[in-house]
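Summary of the model geometry
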Amino acid sequence: MKRIDKLKMFVFEELPVHDTIWSITTGKDGNIYVAICGEFIGGVGVYIATYDTKLDKVRYVLDVAEAIHEPPDNGRPTHSKIHYCLVPCDDGSLYGATHCTGAPIGEDVWRPWNCWLDSHKSFTGFHIFRFNPNNGEFKDYGIHMPGEGSRAMAHFQPRSKLYGISYPRNHIYVCYPEKNIFKDLGRIGDINPQAIFTDQEGNAYTTDDHGYLLKVLVDSDEIVSLNIKIPHGPYGPYGDGWHNVPYDVVQGPEGDTFYGSTWCYDSRLFCYHYKENKIEDLGRPGGVEREPEWIEEKYNHIGGLVFGTDDFLYYAAYLTWKEPIGTYLFRLDPSTRKHEEIGPMMVNGHHSKYISKATIDYSGRLYFAESLSSPTRIYIYTPPGVRKNEVRSEWPIGRYWG
Amino acid sequence: MIDIREELKKKKWPVRSFSQEDVYGQEVNEGRANYEFESYVTEGRLSARPLCPPGRSKLIPPGESAITSLVKDPLGRIFGGTSGRYCHLFLYNPKPEGNFVIDIGKVGDENSINHSLVSLNDGRIFGATCNANEDVKTNYDGGYIFSYVPRGDFSCEFGYRVSKIELLTIPIKGEGIIYLVLDEGRNVLYGLSQSRGTIFIYHLETKKVIEKAVLDPSGQGKFSKILLIDPNGRLYGERQGNMFIFNPEENEVRNIGIKLPALKGRIIYNRLDSAVLDYENGYIYGGCSADGLMFRANLQTKEVIVLGKPTAQARVRAMAATLDGRIYGITGDKGGIAHLFCYDPAIHELKDLGIPLITYPKYWHGIEFDSAVTGQWGEIYFGESDRISNLFIYYPPIKKKYIEGKNHN
């Protein structure tokens, strides 16, 4: 089987029972920050670790549950996750928001629907916090939506404004942490989008349950439906795009575009030209034209979107129609819209089953976060022409959303 | 440089009960799914209708669609009123030629229709508005009484037609109207105002308004925002913890010696949230706001029996009785998650039925509700009151055959 040159893997051995990484971002210092989560085990809290891109070493920098005074062994559902809610600030700090679904200690499963009415087994509510990994300063902005987790978050740096999506009630929220302002803008659907992202003016975007784009206006916080939807399959009767919310989104090199993947059976890539309000369907992973036949075949997943310094869009896709079934690394040339398979995301016999998100360092190396393995790990890919420690970008790099 | 690695190495980690390599295995998924779906309504059947005819029109806009009033007309159609940025009157016709919701339109510039829709035997609909957005509407003139006269309304494959909504009068200056009931025998409406609890009569023929009583002259709203009417035209309500009766032949509100039940120390927070009048048996079934207690009050003997709490949360925001006397309602506070419950008077059972989740015609959790009405065939309509709302329809389970000498269940 084809191998990917210059692909390596780092395993977070010091957290042996944690099993998912949903958030990965690049800090102003050029280091990679990951939130190491316990999704499928009760009684653990989430940790932030940093990968030093110069030294190729990891430090574990924050026990989040301890910092927000929500100990994971107190019998309550844990703050065991930071979902897509770890975002960088220009001063080198990070905003984060915790998330639920981790079970209390001694239990394997927990769901908010079952425990909403339970004074002890209900989730306390997500904390928004700010952490400076360089000096350890930590500020907890408290709980604003009792019972709920935070699914996705975006940071509009010029106004220090956060946009987020709550779970399970699926509300959009707005927060100015430094001004102690929090607004619940209300429910947008039921499926809970995996991404909310901002344009250069500070407006935020996500979708409703059927993939119709919603825009939150930066000045008024009004939610506007844009009457345009991200691409989906299947088409025809009953093919209405249900569950086709955005999974991963990155800003395009053109500046006025966003490239994204959908969170649905038969996941697809798209390009959104936000100034023209136009969507392009970029097809299935690898540009595969064949319509998957069986339900298992359709169940692909695209994550880990990141633009390299070569202007290619790199992404990772879990494919059920390839042998062996697993995650493969691709890149898309935005100028030709052609997909190219680079190879399987496999190191030392471990073939990834799920890549969530990705980011980039100043030299152009790409970092992909893996979920559904225990302990967790990241993959580090060096695209052709990239040399470690040779600076090819300047701040801001990566993105301001989770 | 910060590094808590050494602390992590000393930690004793919990042990997962299933394989570490199989964190997303089939067994785990199945277990989780079964656990989660136990929390949803599985008794009877739920469905819902979006607030538009699918494929033909847009939804009543998000932020204007919270359903806060429902009424059934003589043809079995359901009229609903919403609240939000603006309020809308809508129609749902359950018959095959309809079976979708039509937005009749906005009611002027008003923003709330709160439990204020009534239907006359000739099909006319009357309603009233109140102010739900106090920071938007300063210098409030008062809520309107409005009418809707269905003339030639129809809905079918090729479209639908509706009539016009007419604003009639502002019965109480400066105040909205938060409840309206119909006394068809006397050809009048009774209404309740929002702040001072003014009970007034609106004569349908002369269009005159007569104020009859004030429940809270201080304007602090210390009364329940609900009125019940019996077949003799007597009104029931609540103020300061006591149920009252108001006979329109007199001008006096009289306490009837029935106190709202509350947990110890919580009487001052308690209001009658929703209620059903079982006139044939002489009972009021009520749900209380402070602690979510359900009770039955005997209008003859004044005895109050607390039936219990359907769920571990406050508020009973909506309630209706199906044709065999079973009462279905919704518990849950604003910002919470609704639960459907049932009280069966035949067997004195009060039970939680779970969270209303529908998967057809779309996948949707019903999280907030504020209105309920019984349909023509015993189905119960519940009005969601969220930023995006749907008209839920609950079909209660059919009871088992009654066998003489044996229990129903």
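To be clear, the structure that these remarks concern was listed above.
Okay, so let's go over this structure. (Residues numbered from 1 in each chain as written. Chains lettered and ligands numbered in written order. Predicted model: local features only at pLDDT ≥ 70, side-chain atom pairs only at ≥ 80, totals over all residues. Heavy atoms only, no water.)

The next thing to look at is the overall build of chain A. Each helix and strand in chain A was counted, giving three helices and 30 strands. A compact globule built from 402 residues should have a C-alpha radius of gyration of about 21 Å, and chain A, at 20 Å, falls within 12% of that. Once the C-alpha set of chain A is aligned to its principal axes, its extents read approximately 50 × 50 × 40 Å. Here chain A holds 402 residues, and the buried ones make up 68% of them. Sequence-distant contacts in chain A: of pairs separated by 6 or more residues, those separated by 24 or more amount to 55%. Total accessible area computed for chain A in this model is approximately 13600 Å², and 50% of it derives from carbon and sulfur atoms. On chain A, the mean spot of the 41 positive side-chain charges and the mean spot of the 53 negative ones are 3 Å from each other. (Helix = DSSP H or I, 4+ residues; strand = E, 2+ residues; numbered from the N terminus. Rg over C-alpha atoms; globule rule 2.2 N^0.38 Å. Buried < 20%, exposed > 50% of the residue type's maximum accessible area, 1.4 Å probe, protein only. Contact = heavy atoms within 4.5 Å. Areas by Shrake-Rupley, 256 points an atom, 1.4 Å probe, with all protein chains shown as cover. Lys, Arg positive; Asp, Glu negative; His and termini not counted. Charge placed at Lys NZ, Arg CZ, Asp CG, Glu CD.)

In this section: the overall build of chain B. Across its full length, chain B holds two helices and 32 strands. Taken against the 2.2 N^0.38 rule, which gives 22 Å for 409 residues, the C-alpha radius of gyration of chain B at 24 Å falls within 12% of a compact globule. Summarising its shape, the C-alpha atoms of chain B cover approximately 80 × 70 × 55 Å along the three principal directions. When the 409 residues of chain B are sorted by exposure, 56% land in the buried category. Counting contacts in chain B only where the partners sit at least 6 residues apart, residues at least 24 apart contribute 49% of the total. Summed over its atoms, the accessible surface of chain B is roughly 18800 Å², and 49% of this surface lies on carbon and sulfur atoms. Within chain B, the 50 negative side-chain charges are centred at a point lying 1 Å from the centre of the 50 positive side-chain charges.

All right, on to the pairing of strand β3 (residues 32-37) of chain A then. Residue and element names in this part refer to chain A. Buried residues dominate β3, accounting for six of its six residues. Of the two faces of β3, the one lined by I32, V34 and I36 and the one lined by Y33, A35 and C37 are each fully buried. Where strand β2 (residues 20-26) hands over to β3, the hairpin turn is made up of five residues, of which G30 adopts a positive phi near 85°. Pairing of β3 with strand β4 (residues 47-52), which is carried by five bridges, proceeds in the antiparallel orientation. Of the residues in β4, the one forming a bridge with I32 is Y51. (Pairing = 2+ DSSP bridges.)

Leftover empty space is mapped by rolling, across the atoms, a probe with the size of a water molecule. Residues and elements named next belong to chain A. Of the pockets and cavities examined, the second largest pocket occupies roughly 730 Å³. Around the second largest pocket sit 27 residues that line it, and Q251, P396, I397, G398 and R399 are the ones nearest its centre. Secondary structure elements with two or more residues in the lining of the second largest pocket: β10 (149-156), β18 (245-251), β22 (301-307) and β28 (355-360). When the residues that make up the lining of the second largest pocket are grouped by side-chain class, the tally is 13 nonpolar, 11 polar and three charged. (1 Å grid on protein atoms, 1.4 Å probe; cavity = no way out; pocket = protein on both sides within 12 Å on 5 of 7 lines; lining within 4 Å. Points joined across faces, edges and corners; volume = space filled by probe spheres on them. Nonpolar A, V, L, I, M, F, W, Y, C, P; charged D, E, K, R; others polar.)

Moving on, we come to the sheet that holds strand β13 (residues 188-193) of chain B. Residue and element names in this part refer to chain B. Pairing within the open sheet is antiparallel, and its four strands lie in the order β12-β13-β14-β15. Pairing within the sheet leaves two strands with one partner each, and these edge strands are β12 (177-183) and β15 (209-214). Adjacent strand axes in the sheet meet at a mean angle of 25° when their direction is disregarded. In this structure, β12 lies alongside β13, joined through six bridges in antiparallel fashion. Across the sheet, residue D183 finds its bridge partner in β13, namely V188. (Axes fitted to C-alpha atoms, helices over the stretch in contact; angles between N-to-C directions.)

So, on to the packing of aromatic side chains. Residue and element names in this part refer to chain A. The tally for this structure, following the rule as stated, stands at 37 aromatic pairs over all chains. With 6.0 Å between their ring centres and 50° between their planes, F197 and W401 make a pair best called tilted. Pair noted here: F197 is in strand β14 (residues 197-198) and W401 is in the segment after β30 (377-381), with a separation of 204 residues, a long-range link. Classification of W401 by relative accessible area gives buried; the value is 4%. Aromatic side chains Y314 and Y381 sit 5.9 Å apart centroid to centroid with 55° between the ring planes, which places their arrangement in the tilted category. Remark: Y381 occurs in strand β30 and Y314 occurs in strand β23 (residues 313-319); sequence separation between them is 67 residues. (Phe/Tyr/Trp six-rings, centres within 6.5 Å; stacked < 30°, edge-to-face > 60°.)

This part is about the side chain of S23 of chain A. Residues and elements named next belong to chain A. Relative to the assigned elements, S23 resides in strand β2. Taking the relative accessible area as the measure of exposure, S23 reaches 2% and is therefore buried. For S23, the side chain forms a polar contact with the main-chain nitrogen of C85, separated by 3.2 Å. Those residues in contact with S23 that sit more than four places away from it in its chain are Y33, V34, A35, I82, H83, Y84, C85 and L86. (Polar contact = N/O pair within 3.5 Å; in protein donor to acceptor, adjacent residues only side chain to side chain.)

Here we take up the pattern of salt bridges. Residue and element names in this part refer to chain B. Taken as a whole and judged by the stated rule, the model has 46 salt bridges over all chains. Salt-bridge contacts for R315 lead to D273; the nearest nitrogen and oxygen are separated by 2.7 Å. Of this pair, R315 sits in the loop between β23 (304-308) and β24 (316-321) while D273 sits in strand β20 (residues 272-278); the two residues are 42 residues apart in sequence, bridging distant segments of the chain. Judged by relative accessible area, which is 19%, R315 ranks as buried. With its nearest N and O atoms 3.1 Å apart, the salt bridge here joins D344 to K399. A residue pair is termed long-range when its members are at least 10 positions apart, and D344 in strand β26 (residues 339-344) and K399 in the segment after β32 (390-395) qualify at 55 residues. Looking at D344, the relative accessible area reads 7%, which means it is buried. (Salt bridge = Lys/Arg side-chain N within 4 Å of Asp/Glu carboxyl O.)

It is worth spelling out the interface of chain B and chain A at this point. Counting residues at the interface gives 41 residues for chain B, matched by 50 residues for chain A. The contact between chain B and chain A buries some 4200 Å² in all, and 58% of this surface belongs to carbon and sulfur atoms. The largest per-residue losses of area from chain B upon contact with chain A belong to I2, R32 and Y35 of chain B, which jointly make up 17% of the total buried on that side. Applying the counting rule to chain B against chain A returns five salt bridges. (Buried area = accessible area lost by both parts, 1.4 Å probe.)

Residues and elements named next belong to chain A. In this structure the tally under the stated criterion is one cavity of 30 Å³ or more. Along its surface, the largest cavity is lined by I24, T25, T26, A358, T359, I397, G398 and R399. Elements that contribute at least two residues to the lining of the largest cavity include exactly β2 and β28. Among the elements that line the lining of the largest cavity, the one with the most residues is β2, at three residues.

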